[in-house]
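Summary of structural features
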Amino acid sequence: VLKEYGVKATFFVRTNNVHYNPNLLRAIAMDGHAIGCHTNEHVALAVDETGKGVTFRSLDETELATLQADIVESYDILQHVVGDVMVNGRPSLTLLFRPPTLAMSKGGLETVLDCGFTFSVSGYLSTQDYKATSAESLAKKIRTGLRSGSVIVMHMSDNSEYTAAALEIVLSENATKPEEDQVKFARLDDYLVEGYDFG
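A short note on the overall build of the chain
Secondary structure summary: the chain contains 5 helices and 10 strands in total. Computed over its C-alpha atoms, the radius of gyration of the chain comes to 17 Å, within 12% of the 16 Å expected for a compact globule of 199 residues. With respect to the three principal axes, the spread of C-alpha positions in the chain is 55 × 40 × 40 Å. Considering only contacts within the chain whose residues lie at least 6 apart along the sequence, 71% involve residues at least 24 apart. Of the accessible surface of the chain, which amounts to about 11,400 Å², a share of 51% is contributed by carbon and sulfur atoms. Considering the chain, the positive charge centre built from 17 side chains and the negative charge centre built from 27 side chains are found 6 Å apart.

Digging into the sheet that holds strand β7 (residues 93-97)
With parallel pairing, 4 strands are arranged side by side in an open sheet as β1-β2-β7-β8. A single partner strand is all that each edge strand has here, and the edge strands are β1 (10-13) and β8 (119-120). Examined bridge by bridge, strand β2 (residues 34-37) and β7 share 2 bridges and lie parallel to one another. Bridged to I35 within β7 is L93. Packing against the sheet, helix α2 (residues 61-82) makes contact with β1, β2 and β7, and its axis sits at approximately 155° to β7.

Notes on the layout of surface pockets
Its volume calculated, the second largest pocket comes out at about 160 Å³. Around the second largest pocket sit R90, P91, L93, T94, L95, L96, T118, R187, D189, L192 and V193, which together line it. Looking at the lining of the second largest pocket, the elements with two or more residues in it are β6 (90-91) and β7. Per-element accounting of the lining of the second largest pocket gives the leading share, 4 residues, to β7. The residue inventory of the lining of the second largest pocket, partitioned by class, reads 6 nonpolar, 2 polar and 3 charged.

Some details on the environment of M156
Looking at the element boundaries, M156 is found in the loop between β10 (152-153) and α5 (163-176). Overall, M156 belongs to the exposed group, its relative accessible area being 54%. Sequence separation between M156 and D129 is 27 residues, and the spatial gap between their C-alpha atoms is 9.1 Å. Setting aside residues no more than four positions away along its own chain, M156 makes contact with F11, L24 and I28.

Examining unusual backbone geometry
Non-glycine residue T39 carries a positive phi angle of around 75°. Among the structural elements, T39 can be located in the loop between β2 and β3 (47-48). With a relative accessible area of 0%, T39 lands in the buried category.

Thoughts on the packing of helix α1 (residues 22-30) against α2
Put simply, α1 and α2 touch, their axes get as near as 9 Å, and they point 70° apart. The angle between the axes of α1 and α2 places the two elements in the roughly perpendicular class. Across the interface between the two elements, P22, L25, R26 and A29 of α1 pack against L78, V81 and V82 of α2. In terms of residue class, the contact of α1 with α2 is made up of 6 nonpolar, no polar and 1 charged.

What counts, and where the lines are drawn
- Chains are numbered independently. Their residues run from 1 in the order of the written sequence.
- Local features in a predicted model are, by the rule used here, given only for residues with pLDDT of at least 70; side-chain atom pairs are given and counted only at 80 or more, and totals for whole chains, interfaces and linings are based on all residues.
- To get the side-chain values, all heavy atoms of the structure are used, and hydrogens and water are removed first.
- Put simply, DSSP H or I for four residues or longer makes a helix, DSSP E for two residues or longer makes a strand, and each gets a number counted from the N terminus.
- Within these notes, the globule rule equals 2.2 Å times the number of residues to the 0.38 power, and the radius of gyration is based on C-alpha atoms.
- We call two residues contacting when some pair of their heavy atoms lies within 4.5 Å.
- To be clear on the numbers: accessible area is Shrake-Rupley with a 1.4 Å probe, and residue cover counts the displayed protein chains and nothing else.
- None of His or the chain ends enter the tally, which takes Lys and Arg as positive and Asp and Glu as negative.
- Charge positions come from single atoms, namely NZ of Lys, CZ of Arg, CG of Asp or CD of Glu.
- A pair of strands is treated as paired once DSSP finds two or more bridges between them.
- For helices, the fitted line uses only the C-alpha atoms of the stretch in contact; every axis is such a line through C-alpha atoms, and the angle between N-to-C directions lies from 0 to 180 degrees.
- In this analysis the probe radius is 1.4 Å and the grid spacing 1 Å, with only protein atoms considered; a cavity is a set of points the probe fits into but cannot get out of, a pocket is an open set with protein on both sides within 12 Å along at least five of seven lines, and lining residues have an atom within 4 Å of a point.
- Grid points are joined across faces, edges and corners, and a volume is the space filled by probe spheres set on the points.
- For this scheme, ten residues count as nonpolar: Ala, Val, Leu, Ile, Met, Phe, Trp, Tyr, Cys and Pro. Four count as charged, namely Asp, Glu, Lys and Arg, and the remainder, Gly too, count as polar.
- Note on classification: 1.4 Å probe, protein chains only; a residue is buried when its accessible area is under 20% of the maximum for its type, exposed when over 50%, partly exposed between these limits.
- Here roughly perpendicular refers to angles of 65 to 115 degrees, roughly parallel to angles under 35, roughly antiparallel to angles over 145, and oblique to all remaining angles.

Here it is, written out as structure tokens:
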């Protein structure tokens, strides 16, 4: 669907399943999409103490070491599979990171940056597409996040069965608008570069 509408995106990859189909990741990269890290085993940067997403604590030294080892392993996998992919003179593999569960702590973020990543990216809207009950309802949710500079989080998994159909709806609607009214889509590394102004 992205190829049909000429949309380039950023794929934050959880790498523990890449070995099942590394060619899929290479195909995504070779289509000109950016690849970022989402850890290997989905290790969070903070611990949810209640399991309800309300109270979090920072990682202790052992947990920080586990996080660091996981991040390094994940990036090594990405480097091995797509580190050589260049499209139009640009590398597909980036130094962008997306924290699992979006939980954050100072120590967790410091670990990410110490591993060499330049930006940690959460998102403006998490579609929770893995819970969607129809393409139409998911398309409606995606539309609520379409604005300048927004980062919309979607998933490419067996549980996200309506994501492609919802994207088809949203992107086809966007394509029918006059050019000046269309939402422009781009890789995050088109914007998140050295000297980026958060103001």
